[in-house]
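Working through the structure, step by step
Single-letter residue listing:
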Amino acid sequence: MTTRLRKSRRHFVHQLGAGSLALSGSALLPASALAHGHDHDDDRRAAHARLSFKHGVASGDPLARQVILWTRVDGIRAGRLPVRWELALDKNFERIVRAGTALTDAHRDYTVKVDATRLQPNTVYFYRFIAGHRVSPVGRTRTLPVGKPTQVKLAVFTCSNYPAGYFHVYAEAAKRDDIQAAIHLGDYIYEYGRGEYASEDAAALDREVEPAHELLSLDDYRQRYAQYRTDPDLQAVHAAMPFIHVWDDHEIANDTWKDGAENHDSATEGEFSTRRAAALRAFHEWLPIRTPDLKHPEKIHRSFAFGDLLALHMLDTRVIARDQAFDYANYFGSTGSFDSARFAADMADADRQLLGVEQLLWLQEQMAGSGAIWQVLGQQVLMGRMNIPAPLVLGQISFSAYSALVAKAQTAPGSLTATEQAILAQPAIPYNLDAWDGYAMARETVLGMSRALDKNLVVLAGDTHNAWASDLQDYLGRTAGVEYAVSSVSSPGFEAYFPNENPALVAAGLEAIIGPLKYANTGDRGYMVITATAGECRADWHYVSTVKAAEYTLLPGKSLRTLPGAANRKLVAV
């Protein structure tokens, strides 16, 4: 979520539940189970005693016959360390089906990443790691189905900001055993230093960030990931299900684009390319992602096939091709009037990029070659059209005041003043130029491609810290698919930017004035579950009552669905 747009928006609108999967990170492995036998050397025994798996375990990028397994060994002082991994059909490891040894060292921050292969499709596995005399917590993972699965169920997360509040959302998802994979749409970490964005309660919650300063170097990013990965709720959800990750901007810096970021000053913080390289390296070290191109770690677009039911295409809308976002401030002249003609011309620039030609061609090839009923795009920013009256976007009037003005126009139009009439006469413009709304031609290309291929398109989005659901329409108003957007894990939404507004009324007002928007929740933190069958692709939103206190309750959420077929690619009630 952008700092620049956050400012304008102020003016506008526990571990796993059963506990059976988690062993103590400092548990001792019996000598009979050690990969290298009992060690009688006092020095080595002392070294082993220092080892721990305090950052838990994780799995990710599942395929039908392989999955990435991840951990980190803490307490190593120097040198290389062999780490044994085991994959079993049971949590007691009586039926081990795959095992091996991986080496780790300081070069990879003592993280361990194993691509376990030759597995069976649609199978639940348990995994653990062994270093010296230490055994890691146990994780649960699952391979993807082949053939004709009757159902696919995916959890969706975004925007997990450590100082902003507790990760109750992760804790709730970790209790489930029906999720086949989790999708994280980015902002897994935030780069800010102490006292910056969403940190006003951090000290009271004992969640102040490490390091204390803004992230710039490789060590900085590694330290921040390490802090996040000590959170018990985050560890629990990683241990419960495999994750499929993409980054958004805060894994690097706010409002990242291909050549810079809003939150980067080259004069004082060095070359952006150096910072970006450090951030991407830490991302690949600390998350269970299968790097598609080792020579180009910035390329993370990749696809996952859930049989012939659902194809998931993970996209990058931040790093490899994004042009810098427009800023409304650049379209005001010396008289203070908005240059709508120049703005419209810039928005119509066909060369303006978000995905880039290479990634777009890749996506076209993936969608064209897939026979899956549902084509799902996992990406960062809102694709749905979010045009809002200009006075709201530009901070000229509050949401409640504008709503009152609309009501006045409906009930007593003759009482409107000239100023009020001028406000109501202004056009609707995109509220978020950092989203696909700021890259209109790029959006038209994707929607046109999906329509031409006659695909059932479902787009997943995060970034805004609020929940949304929209019909996806091209510039002619033709429906091309639907978008389900998830709220944040902990980052504040509109309820924090408009503390004097009722979030329910804000959401209802947005639904009323934005044509394609069918659902909004602008006040709650939560996650989303996508359930796909041959007959529908459904979204269920789940929320928690607070992230500011240890105690919380679950809140009821909305459910919507879409049906397959060219005449049905729109949102309908469940």
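Since we're looking at a predicted model, the values are computed, not measured.

**Focus on the overall build of the protein**
- Within the protein, the secondary structure is distributed over 15 helices and 25 strands.
- Rg of the C-alpha trace for the protein: 24 Å, near the compact-globule value of 25 Å for 574 residues, within the 12% margin.
- With the principal axes as the frame, the protein shows a C-alpha extent of 90 × 50 × 45 Å.
- Going through the 574 residues of the protein one by one, you find that 57% of them count as buried.

**Side note on the sheet that holds strand β14 (residues 374-378)**
- In space, the 7 strands of this open sheet follow the order β12-β13-β14-β17-β19-β18-β20, with mixed pairing throughout. Taken across any chain shown, the strands that pair with only one partner, and hence form the sheet edges, are β12 (302-306) and β20 (517-521). Averaged over neighbouring strand pairs, the angle between their axes works out to 20° when direction is ignored.
- Relative to strand β19 (residues 479-485), strand β18 (residues 467-473) runs antiparallel, the two sharing 6 bridges. Looking at β19, one finds that Asp471 is bridged to Val482.
- Running over the sheet, helix α13 (residues 440-453) touches β14, β17 (456-461), β18 and β19 and is turned about 120° from β19.
- Sheet strands in contact with helix α15 (residues 503-513) are β18 and β20, and its direction is about 165° off that of β20.

**A short note on the nonpolar core**
- Ranked by internal contacts, the top residues of the largest apolar core, which has 142 residues, are Phe157, Leu460, Trp468, Tyr484 and Trp541.
- Here this core takes 7 residues from helix α7 (residues 272-286), the largest share from any one element.
- In contact with Phe157, other than residues within four places in its own chain, are Val169, Tyr170, Ala173, Ala182, Ile183, His184, Leu185, Val237, Phe243, Val486, Val489 and Tyr527.
- Formed by 22 residues, the second largest nonpolar core is a distinct cluster that contains Leu81, Leu87, Val114 and Ala116.

**Quick word on the packing of helix α11 (residues 399-411) against helix α12 (residues 418-425)**
- Remark: α11 packs on α12, axes separated minimally by 11 Å, with the N-to-C direction vectors making an angle of 105°. By the angle between their directions, the pair α11 and α12 is classed as roughly perpendicular. In this structure, α11 uses Tyr402, Leu405, Val406, Lys408 and Ala409 to contact α12, whose residues at the interface are Glu420, Ile423 and Leu424.
- Residues that form the contact of α11 with α12 fall into these classes: 6 nonpolar, no polar and 2 charged.

**Quick word on the packing of helix α9 (residues 357-369) against α13**
- Between α9 and α13, the least distance of the axes is 11 Å, while the angle of their chain directions is 20°. Between α9 and α13, the angle is such that the two are roughly parallel. Viewed along their axes, α9 and α13 form a crossing whose handedness is right-handed. Two secondary-structure elements touch here, α9 through Leu360, Leu363, Gln364, Met367 and Ala368 and α13 through Thr445, Val446, Met449, Ser450 and Leu453.
- Tallied by class, residues from the contact of α9 with α13 come to 7 nonpolar, 3 polar and no charged.

**Side note on the environment of Ala240**
- One can find Ala240 in helix α5 (residues 232-240).
- In the structure, Ala240 is positioned 59 residues away from Ala181 in sequence and 9.4 Å away in space, judged by C-alpha atoms.

**Some remarks on the packing of aromatic side chains**
- Applying the stated criterion across every chain, the model contains 25 aromatic pairs.
- With a centroid separation of 6.2 Å and 55° between ring planes, the pair formed by Tyr331 and Phe338 is classed as tilted.
- In this structure Tyr331 comes out as buried when scored by relative accessible area, which is 4%.
- Three or more aromatic residues link up through ring pairs in this structure, and these residues are Phe157, Tyr162, Phe167, Tyr170, Tyr228, Phe243 and Tyr527.
- Here Arg229 stacks its cationic end above the ring of Trp70, 4.1 Å away from the centre of that ring.

**Things to note about α9**
- The first and last C-alpha atoms of α9 sit 18 Å apart over 13 residues, in line with the 18 Å expected at 1.5 Å per residue.
- Taken residue by residue, α9 has Gln359, Trp362, Leu363 and Met367 as its buried positions. For α9, the angular spread of buried residues about the axis comes to 125°, placing them on one side. Those residues of α9 that are exposed and angled more than 90 degrees off the buried face are Val357, Glu365 and Gly369.

**Some thoughts on the pattern of salt bridges**
- The final tally for this structure, using the stated rule, is 37 salt bridges.
- In this structure, Glu86 engages Arg84 in a salt bridge whose closest nitrogen and oxygen atoms are separated by 2.9 Å.
- Glu86 gets classed as buried once you look at its relative accessible area, which sits at 5%.
- The partner of Lys408 in a salt bridge is Glu420, and the shortest N-O contact between them spans 3.0 Å. With Lys408 in helix α11 and Glu420 in helix α12, the pair connects residues that are 12 residues apart, well separated along the chain.
- Salt bridges sharing partners connect three or more residues here, namely Lys54, Arg72, Asp74, Asp109, Arg222, Arg281 and Glu285.

**Points about α7**
- Taking 1.5 Å as the rise per residue, α7 with 15 residues should run 21 Å; its terminal C-alpha atoms sit 21 Å apart, in good agreement.
- On its buried face, α7 is in contact with β2 (67-72), β5 (111-116), α4 (218-228), β11 (243-245) and α6 (266-269).

**Observations concerning the side chain of Thr158**
- Locating Thr158 in the fold gives a position in the loop between β9 (152-157) and α3 (168-174).
- Engagement of the side chain of Thr158 in a polar contact is seen with the backbone oxygen of Gly186, the distance being 3.2 Å.
- Beyond its immediate sequence surroundings of up to four residues, Thr158 is in contact with His184, Leu185, Gly186, Gly462, Asp463, Val486, Ser487, Ser488 and Val489.

About the thresholds
Residues numbered from 1 in each chain as written. Predicted model: local features only at pLDDT ≥ 70, side-chain atom pairs only at ≥ 80, totals over all residues. Heavy atoms only, no water. Helix = DSSP H or I, 4+ residues; strand = E, 2+ residues; numbered from the N terminus. Rg over C-alpha atoms; globule rule 2.2 N^0.38 Å. Buried < 20%, exposed > 50% of the residue type's maximum accessible area, 1.4 Å probe, protein only. Pairing = 2+ DSSP bridges. Axes fitted to C-alpha atoms, helices over the stretch in contact; angles between N-to-C directions. Contact = heavy atoms within 4.5 Å. Core = buried A, V, L, I, M, F, W, Y, C linked by side-chain atoms within 4.5 Å. Parallel < 35°, antiparallel > 145°, perpendicular 65-115°, else oblique. Nonpolar A, V, L, I, M, F, W, Y, C, P; charged D, E, K, R; others polar. Left-handed = near helix turned anticlockwise from the far one by under 90°. Phe/Tyr/Trp six-rings, centres within 6.5 Å; stacked < 30°, edge-to-face > 60°. Lys NZ or Arg CZ within 6 Å of the ring centre and 35° of its normal. Expected span 1.5 Å × (residues − 1). Arc of directions from axis to C-beta. Salt bridge = Lys/Arg side-chain N within 4 Å of Asp/Glu carboxyl O. Polar contact = N/O pair within 3.5 Å; in protein donor to acceptor, adjacent residues only side chain to side chain.

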